[in-house]
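Chain by chain, the residues:
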Amino acid sequence: MRCFSALLLSAFVFSAPGFAQEAADAVAPETATQGQVKALTEEVIAALEAKLDGVPVTSENWMVAAANPLAVEAGAKVLRAGGSAADAMVAVQVVLGLVEPQSSGLGGGAFLVWYDAATGRMTTLDGRETAPQAAKPRLFQDEQGEPLKFFDAVVGGLSVGTPGTPALLEEAHRRWGRSSWPGLFADGIRLADEGFLVSPRLASLVENDAERLSRFPETAAYFLPGGELLQQGQRLTNPAYANTLRVLASDGAAGFYGGEIAADIVRTVRNAPGNPGVLSGIDLALYQVIEREPVCAEYRAYEVCGMGPPSSGALTVGQILGMLNNYDLAAMGAESAEAWRLIGDASRLAFADRGRYMADSDFVPMPTKGLVDPDYLAQRAALLNTEAALAEIAPGQPEFDHALNWADDVSLEFPSTSHISIVDSYGNVLSMTTTIENGFGSRLMTNGFLLNNELTDFSFKTHSDGVPIANRLEPGKRPRSSMSPTIVMQDGAPVLAIGSPGGSRIIGYVAKSIIAWADWDMDVQQALSLPHLVNRFGTYDVEAGTAAEGFTDALVLQGFEVSPRDLTSGLHAIEIGEGLSGGADPRREGIALGE
Ligand code: DON
């Protein structure tokens with residue numbers, strides 16, 4: 001076994017050829033700190049090493065991949081004891097809410113895709129935050145009707161939607177759980193009481209966000225104790241969170257959506273200094289998880305399935321892949337600038353449709369089926385049959401039995417969020433992306449957890465030139481998401497569970513990884529580690545410091561504007577074949593573990 005300092009410092013070694021190989025050497029993984037190593041078990045160290053070596057973790061019976069080793073271990077313990085993927089997810093999520101609080105937790109929302117081995121059915125559950133009943137469509141506009149600046153809207157009570165994650169945990173367990181509910185909270189409670197070691201990523205994000213975190217006393221006391229920044233490797237306890245978990249363990253989600261925790265959430269939102277919100281006890285009491293039809297798109301020999309509206313994830317990933325299905329990317333290979341031209345412009349076309357049509361379909365009519373219809377996508381794909389970047393991008397006209405067209409939207413999304421992939425020993429597969437939206441959400445904290453700012457995923461403008469925007473805010477509506485928890489099927493059986501954080505770049509991260517896995521014969525770890533090139537709205541983002549930058553000249557020649565930047569995805573994926581094979585994103589702190 002490699003010594004710890006080598007584990008920390010080793011360049012990320014990658015086994016794919018050419019551009020991927022070079023790039024791998026340059027991607028600096030975020031991994032454990034010196035302080036943390038004492039707490040790492042041998043199996044966690046082996047999993048971190050596998051990630052650094054660019055090889056997947058393999059197993060026979062079950063596997064869990066998520067953003068933090070402590071959370072993964074909690075899930076592994078449940079799976080080892082015979083729990084289902086739904087049980088393990090509860091244990092993973094409650095620990096993530098503690099050790100990766102900036103990304104997801106009880107104060108946020110999530111989407112879950114489930115393949116049920118016993119019935120062969122796929123189900124998706126929508127645990128998205130909802131807009132309060134008292135929220136007005138112009139919530140994020142000033143008195144002159146101008147959109148607020150992003151962080152003026154994010155920080156404080158205004159942006160807080162009714163959390164969905166606690167209800168989602170309970171619903172998933174009610175449907176698919178095999179373990180006793182209270183036991184799933186044991187690791188979260190223990191770690192919150194005894195403390196955990198602050199990870200490098202959490203410490204650096206606290207440092208970057210210190211001013212905003214200092215605005216609210218409860219948040220400041222936790223993340224800036226005594227006015228000092230949290231340090232990596234420092235032991236941090238969260239007794240308030242342990243108490244919240246005890247309430248959930250004993251009373252279920254009712255203990256969150258009613259009683260003292262609910263009252264504290266409402267008080268915190270409505271009394272946020274400078275930026276109070278409108279969330280009420282009624283909003284919390286009425287919150288519901290919604291079961292929705294999965295959205296699937298054809299790609300090569302596969303069906304790529306995921307979360308439909310209010311997420312734009314499965315539709316946009318499906319559109320990109322559905323267009324590219326008309327081109328032979330396998331023959332071009334990962335090192336072909338032509339392949340990246342096609343991927344980049346297919347994405348831009350898909351994002352144009354996303355901006356025009358996609359929102360909460362319970363509130364606005366949406367051409368959901370038309371958007372991933374293979375004939376429609378073949379028409380859109382024909383636009384790519386050229387040699388240069390498309391000069392103009394416009395939404396298409398998918399089959400739509402509703403006369404109203406929407407105006408293009410202008411909503412913004414910024415980084416945090418987490419993805420969990422799990423396969424249990426019964427063959428069930430879970431893919432769940434979970435979020436509080438921005439890093440540290442609204443920055444408001446109560447009872448040991450942060451409250452989301454998910455409402456800023458709505459368009460701040462309600463209309464454009466008098467034409468309504470589909471993703472405008474309405475009371476009770478769920479903001480459009482880009483989260484793309486995905487299960488790829490082949491001949492009716494699941495073959496890959498995948499997803500990522502990354503705001504609207506999630507879509508590009510997931511689509512690219514599926515292409516690398518399906519067309520370029522990469523294993524699951526290679527596919528995740530492959531440097532990113534992502535295009536949403538015109539600018540081609542290439543992953544800074546990696547060989548992706550080597551495409552710059554070719555892309556510029558094709559007519560793209562190119563921007564090198566950090567692209568901190570957090571992909572976690574499990575391939576289901578003869579056995580299981582898992583990968584974790586070297587750009588974050590997660591691992592895959594299995595047995
Ligand atoms: O639902 C969404 O699409 C966003 N609120 C997710 C935010 C996110 O992924 C930030 N990621 N790094």
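This text goes with the structure placed above it.
**As for the pattern of salt bridges**
Part 1: In this structure the tally under the stated criterion is 26 salt bridges.
Part 2: A salt bridge links aspartate 193 to arginine 246; the nearest nitrogen and oxygen atoms lie 2.5 Å apart. One end of the pair, aspartate 193, is in helix α9 (residues 186-194); the other, arginine 246, is in helix α13 (residues 239-251), and 53 residues separate them in sequence.
Part 3: The structure contains a network of salt bridges with shared partners spanning Arg121, Glu171, Arg174, Arg175 and Glu291.

**Brief notes about the nonpolar core**
Part 1: Leu112, Phe185 and Phe223 are the most contacted members of the largest nonpolar core, which totals 118 residues.
Part 2: If near-sequence neighbours (up to four positions away) are discounted, phenylalanine 185 is found in contact with Val90, Val94, Leu245, Leu248 and Ala249.
Part 3: Within the second largest apolar cluster, 61 residues are counted, among which are Ala346, Leu496, Ile514 and Val542.

**Some words on the packing of helix α17 (residues 313-324) against helix α21 (residues 374-382)**
Part 1: It is at 8 Å that the axes of α17 and α21 come closest, and there the two elements cross at 70 degrees. Classed by the angle they form, the pair α17 and α21 counts as roughly perpendicular. Seen from above, α17 lies across α21 with right-handed handedness. Taken together, the residues of α21 that come into contact with α17 (itself represented by Gly318, Gln319, Gly322 and Met323) are Tyr376, Leu377, Arg380 and Ala381.
Part 2: A per-class count over the contact of α17 with α21 returns four nonpolar, three polar and one charged.

**A closer look at the side chain of arginine 348**
Part 1: Inspection of the secondary structure puts arginine 348 in helix α19 (residues 337-357).
Part 2: For arginine 348, a relative accessible area of 10% gives the class buried.
Part 3: The contacts of arginine 348, once residues within four sequence positions are left out, are Ala389, Leu390, Ile393, Asn535, Arg536, Gly538 and Phe560.

**Comments concerning unusual backbone geometry**
Part 1: In this structure, the amide linkage connecting proline 309 to the following residue, proline 310, adopts the cis form with an omega of 10 degrees.
Part 2: Counting through the fold element by element, proline 310 comes out in the loop between β9 (302-306) and α17.
Part 3: If you check the backbone angles, aspartate 491 has positive phi at about 50 degrees while not being a glycine.

**Focus: the site of the ligand**
Part 1: In the neighbourhood of the ligand, 16 residues make up the surrounding shell, with Ser416, Glu454, Asp457, Ser481 and Ser482 lying closest.
Part 2: Arginine 128 places a side-chain nitrogen or oxygen 2.9 Å from an oxygen atom of the ligand.
Part 3: Serine 481 places a side-chain nitrogen or oxygen 2.7 Å from an oxygen atom of the ligand.
Part 4: With the chains in place, 100% of the 340 Å² that the ligand exposes on its own is no longer accessible.

**Observations regarding the environment of leucine 184**
Part 1: Mapped onto the secondary structure, leucine 184 falls in the loop between α8 (165-176) and α9.
Part 2: Leucine 184 sits 364 residues away from alanine 548 along the chain, and the two C-alpha atoms are 42 Å apart.
Part 3: Once residues lying within four places of it in the same chain are set aside, the contact partners of leucine 184 are Val78, Asp87, Val90, Ala91, Val94, His173 and Ser179.

**What about the state of the cysteines?**
Part 1: In total, this model carries one disulfide according to the counting rule given.
Part 2: One disulfide bridge connects cysteine 296 with cysteine 305, the sulfur atoms lying 2.2 Å from each other. Taking the sign of the torsion about the S-S bond as the criterion, the disulfide between cysteine 296 and cysteine 305, at about 115 degrees, is right-handed.
Part 3: Classification of cysteine 296 as partly exposed rests on a relative accessible area of 28%.
Part 4: For cysteine 305, a relative accessible area of 3% corresponds to the buried category.

**Concerning the sheet that holds strand β22 (residues 580-584)**
By way of backbone hydrogen bonds, the strands of a sheet pair with one another, either parallel or antiparallel.
Part 1: With respect to topology, seven strands assemble into an open sheet ordered β1-β22-β21-β17-β16-β9-β8, the strand pairing being antiparallel. Two strands in the sheet have a free side with no partner beyond their single neighbour: β1 (57-59) and β8 (295-299). Averaged over all pairs of adjacent strands, the angle between their axes in this sheet comes to 20 degrees, without regard to strand direction.
Part 2: Where strand β16 (residues 486-490) meets strand β17 (residues 493-499), five bridges bridge the pair, whose relative direction is antiparallel. In the strand pairing of β17, glutamine 490 is matched with alanine 493.
Part 3: Contacts from α17 reach β8 and β9, with the element oriented near 15 degrees to β8.

**Digging into the pairing of strand β23 (residues 591-594)**
Part 1: Where burial is concerned, the two faces of β23 agree: the one with Ile591 and Leu593 and the one with Ala592 and Gly594 are both buried.
Part 2: Inspection of the sheet shows strand β2 (residues 63-66) paired to β23 by four bridges, in the antiparallel sense. Across the sheet, the residue bridging to valine 64 is leucine 593, located in β23.

**Details of the environment of alanine 493**
Part 1: With respect to the helices and strands, alanine 493 occurs in strand β17.
Part 2: What makes alanine 493 partly exposed here is its relative accessible area of 33%.

**Side note on the packing of aromatic side chains**
For any pair of aromatic rings, geometry is given as the distance between the ring centres together with the angle between the planes.
Part 1: Under the defined criterion, the tally for this structure stands at 15 aromatic pairs.
Part 2: With 5.2 Å between their ring centres and 75 degrees between their planes, phenylalanine 150 and phenylalanine 151 make a pair best called edge-to-face.
Part 3: Exposure remark for phenylalanine 151: the relative accessible area of 26% places this residue in the partly exposed category.
Part 4: Ring centres of phenylalanine 256 and phenylalanine 449 lie 5.5 Å apart, and the angle between their planes is 35 degrees; on these two criteria the pair is classed as tilted. Taken together, the residues phenylalanine 256 in helix α14 (residues 254-257) and phenylalanine 449 in strand β13 (residues 449-450) connect sequence positions 193 residues apart. With respect to class, phenylalanine 256 is no different from phenylalanine 449; both count as buried.
Part 5: Over the ring of tyrosine 426 we find arginine 178; its NZ or CZ atom is 3.6 Å from the centre of that ring.

**What about helix α6 (residues 85-99)?**
An α-helical turn contains 3.6 residues, so a residue and the one three or four places further along point in the same direction.
Part 1: When the terminal C-alpha atoms of α6 are compared, their 20 Å separation across 15 residues agrees well with the 21 Å that a helix rising 1.5 Å per residue should span.
Part 2: With 15 of 15 residues buried, α6 lies mostly within the body of the structure.

Reading the values: the criteria
Residues numbered from 1 in each chain as written. Predicted model: local features only at pLDDT ≥ 70, side-chain atom pairs only at ≥ 80, totals over all residues. Heavy atoms only, no water. Salt bridge = Lys/Arg side-chain N within 4 Å of Asp/Glu carboxyl O. Helix = DSSP H or I, 4+ residues; strand = E, 2+ residues; numbered from the N terminus. Core = buried A, V, L, I, M, F, W, Y, C linked by side-chain atoms within 4.5 Å. Buried < 20%, exposed > 50% of the residue type's maximum accessible area, 1.4 Å probe, protein only. Contact = heavy atoms within 4.5 Å. Axes fitted to C-alpha atoms, helices over the stretch in contact; angles between N-to-C directions. Parallel < 35°, antiparallel > 145°, perpendicular 65-115°, else oblique. Left-handed = near helix turned anticlockwise from the far one by under 90°. Nonpolar A, V, L, I, M, F, W, Y, C, P; charged D, E, K, R; others polar. Near = heavy atom within 4 Å. Polar contact = N/O pair within 3.5 Å; in protein donor to acceptor, adjacent residues only side chain to side chain. Areas by Shrake-Rupley, 256 points an atom, 1.4 Å probe, with all protein chains shown as cover. Disulfide = S-S within 2.5 Å. Pairing = 2+ DSSP bridges. Phe/Tyr/Trp six-rings, centres within 6.5 Å; stacked < 30°, edge-to-face > 60°. Lys NZ or Arg CZ within 6 Å of the ring centre and 35° of its normal. Expected span 1.5 Å × (residues − 1).

So yeah, pure geometry; function would need other evidence.
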